[in-house]
Amino acid sequence: MALPTVRVREPDHAPADPAFTNPALWLDGGVLRRQVMVAMLLSVAVLAGFIHDAGLHIDPTQIGLVPYYVVGAVLLALRFGLPPSKWSWAGPVSRFSEYAGLFTLMALMGATASYPVAGLTHGYADATLQGIDERLGFDWLYLYRVVAAHPFLQGLGTIVYRSIYVTPAVLLWCAAKNADHKRAYSFMLRFWLATILTLIFFALMPAIGPFSYLWHQAIPYMPESEQWQSGLIPALRAHTLHVIDVGHLRGIVSAPSFHTAAAVLYIVAGWHIPALRWPIVALNVAMLLSTPVEGTHYLIDMILGAGVAVMAIALARWWEQGLATRALG
């Protein structure tokens, strides 16, 4: 006798998309990416407001902006022109172009924002920062004299101090090669949060740095960061500087040290890439060692910079865990 046919009723709605039931897939599907991009758009609006309130403006016809326009056009062409091609590296290069463009925008916006923020500050925290260094037993003048007496240390320090954008290029390329949007945008979220936190703390403790504050003799060696704080910050406060030259931005943040915050972020991100772990650690430890002189930073600046990085990592993890929780809810 034949068994009766059992008809299975189709569900009234399609099964749930696995991208919304698996947190990792959900984040890789672009939610974090979209939120970072929205945050960047909002940040552009906030930065424009700060620049206007500080009586500053950016001249888009500046000759110094031409390289940025060219690089931006190339990155856009690669990002949107490569995907349809059959080139085997089209995907990774296209993704890297997106990451590199957004990261460059973050870096430019952060450096630009330091100008209107500096214009809103009052007083200087150098006496306090130097006092903390003395209690910690750190002698900036001794370290400077050692570097000033050894050209090899000067050259090496300059190279590693300038390497701040080498590690992120490597990290973002690794993410692009593996089509890992989550890793790329998690890293950039941390970098952007560290930038915002650095600017907030800078507003609370503006300083001209140990080189200008402590050294009052002939200058035997001019560090990479020179002495821009002592001239730029008063000009910004007095509103005698009106145009931000984006093509020649100067570092004016002393505390916290953003180089230190970046180095900590890079080491944490690179630690998860076994093949690159130790080269990234070595390069960024070298950058940290060069920071007091080349960045003209107090030791406490660097301690605060490391704290900024830890805070940025904690905030990013909290945000990403919230996204994953909502995905399962």
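This section reports on the structure supplied with the text. Remember, it's a predicted structure, so these values are computed and weren't measured experimentally. (Residues numbered from 1 in each chain as written. Predicted model: local features only at pLDDT ≥ 70, side-chain atom pairs only at ≥ 80, totals over all residues. Heavy atoms only, no water.)

**What about the overall build of the chain?**
Along the backbone of the chain there are 13 helices and zero strands. Ordering the α and β elements of the chain from the N terminus gives α-α-α-α-α-α-α-α-α-α-α-α-α. Projecting the C-alpha coordinates of the chain onto the three principal axes gives extents of approximately 105 × 40 × 40 Å. Taken across its 329 residues, the chain has 44% of its residues classed as buried. Working note: accessible area of the chain is about 17,200 Å², and carbon and sulfur atoms make up 69% of it. Separation between the mean location of the 19 positive side-chain charges and that of the 18 negative ones in the chain comes to 11 Å. (Helix = DSSP H or I, 4+ residues; strand = E, 2+ residues; numbered from the N terminus. Buried < 20%, exposed > 50% of the residue type's maximum accessible area, 1.4 Å probe, protein only. Areas by Shrake-Rupley, 256 points an atom, 1.4 Å probe, with all protein chains shown as cover. Lys, Arg positive; Asp, Glu negative; His and termini not counted. Charge placed at Lys NZ, Arg CZ, Asp CG, Glu CD.)

**Here we look at unusual backbone geometry**
The peptide bond linking Ala255 to Pro256 adopts the cis configuration, its omega dihedral lying at 0°. Topologically, Pro256 is positioned in the loop between helix 10 (228–238) and helix 11 (258–270). The backbone of Glu226 shows a phi angle near 50°, a positive value even though the residue is not glycine. With respect to the helices and strands, the residue Glu226 is situated in the loop between helix 9 (209–214) and helix 10.

**Description of the environment of Trp192**
Mapped onto the fold, Trp192 is located in helix 8 (residues 181–204). Taking relative accessible area as the criterion, Trp192 reaches 10% and is therefore assigned buried. Sequence separation between Trp192 and Trp278 is 86 residues; the distance between their C-alpha atoms is 25 Å. Not counting chain neighbours up to four residues away, the residues in contact with Trp192 comprise Met40, Ser43, Met106, Met109 and Gly110. One polar contact links Trp192 to Ser43, side chain to side chain, over a distance of 3.2 Å. (Contact = heavy atoms within 4.5 Å. Polar contact = N/O pair within 3.5 Å; in protein donor to acceptor, adjacent residues only side chain to side chain.)

**Some points on the pattern of salt bridges**
Across all of its chains, the model carries five salt bridges by this definition. Between Arg79 and Glu98 there is a salt bridge, with the nearest N and O atoms lying 2.7 Å from each other. With Arg79 in helix 2 (residues 66–81) and Glu98 in helix 3 (residues 90–119), this residue pair connects regions lying 19 residues apart in the sequence. The partner of Arg190 in a salt bridge is Glu320, with the nearest N and O atoms 3.0 Å apart. Of this pair, Arg190 sits in helix 8 while Glu320 sits in helix 13 (residues 299–328), and the two are 130 residues apart along the sequence. Assigned by exposure class, Arg190 and Glu320 land together as buried. Within the structure, one salt-bridge network assembled from shared partners comprises Arg33, Arg79 and Glu98. (Salt bridge = Lys/Arg side-chain N within 4 Å of Asp/Glu carboxyl O.)

**Examining the nonpolar core**
Ranked by internal contacts, the top residues of the largest apolar core, which has 58 residues, are Tyr99, Met106, Tyr185, Phe187, Met188 and Tyr266. Of all elements in the fold, only helix 1 (23–53), helix 3, helix 7 (166–177), helix 8, helix 10, helix 11, helix 12 (277–294) and helix 13 reach the threshold of two or more residues within this core. The biggest single contributor to this core is helix 8, with 11 residues. Here Met188 is in contact with Tyr99, Leu102, Phe103, Met106 and Leu172, once residues within four sequence places are set aside. (Core = buried A, V, L, I, M, F, W, Y, C linked by side-chain atoms within 4.5 Å.)

**A look at helix 4 (residues 126–136)**
Along helix 4, the residues that are buried comprise Asp126, Leu129, Gln130, Gly131 and Asp133. A positive phi of about 80° marks Gly137, the residue just after helix 4.

**Looking at the side chain of Asp133**
Within the fold, Asp133 resides in helix 4. Among buried charged residues, Asp133 stands out as having no salt bridge; its nearest opposite-charge side chain is Arg135, 9.0 Å away. Contacts of Asp133, omitting those with residues within four sequence positions, involve Phe138, Tyr298, Leu299 and Ile300.

**Notes on the packing of helix 7 against helix 12**
Closest axis-to-axis distance for the helix 7/helix 12 pair is 10 Å, and the angle between their directions is 160°. Between helix 7 and helix 12, the crossing angle belongs to the class labelled roughly antiparallel. The two elements helix 7 and helix 12 cross, and the hand of that crossing is left-handed. Here helix 7 contributes Val166, Thr167 and Leu171 to the contact with helix 12, which in turn contributes Ile280, Leu283 and Asn284. In terms of residue class, the contact of helix 7 with helix 12 is built from four nonpolar, two polar and no charged. (Axes fitted to C-alpha atoms, helices over the stretch in contact; angles between N-to-C directions. Parallel < 35°, antiparallel > 145°, perpendicular 65-115°, else oblique. Left-handed = near helix turned anticlockwise from the far one by under 90°. Nonpolar A, V, L, I, M, F, W, Y, C, P; charged D, E, K, R; others polar.)

**Observations regarding helix 12**
When the terminal C-alpha atoms of helix 12 are compared, their 25 Å separation across 18 residues agrees well with the 26 Å that a helix rising 1.5 Å per residue should span. Listed as buried for helix 12 are Ile280, Val281, Asn284, Met287, Ser290, Thr291, Pro292, Val293 and Glu294. Positive phi shows up at Thr296, right after helix 12, with a value of about 45°. (Expected span 1.5 Å × (residues − 1).)

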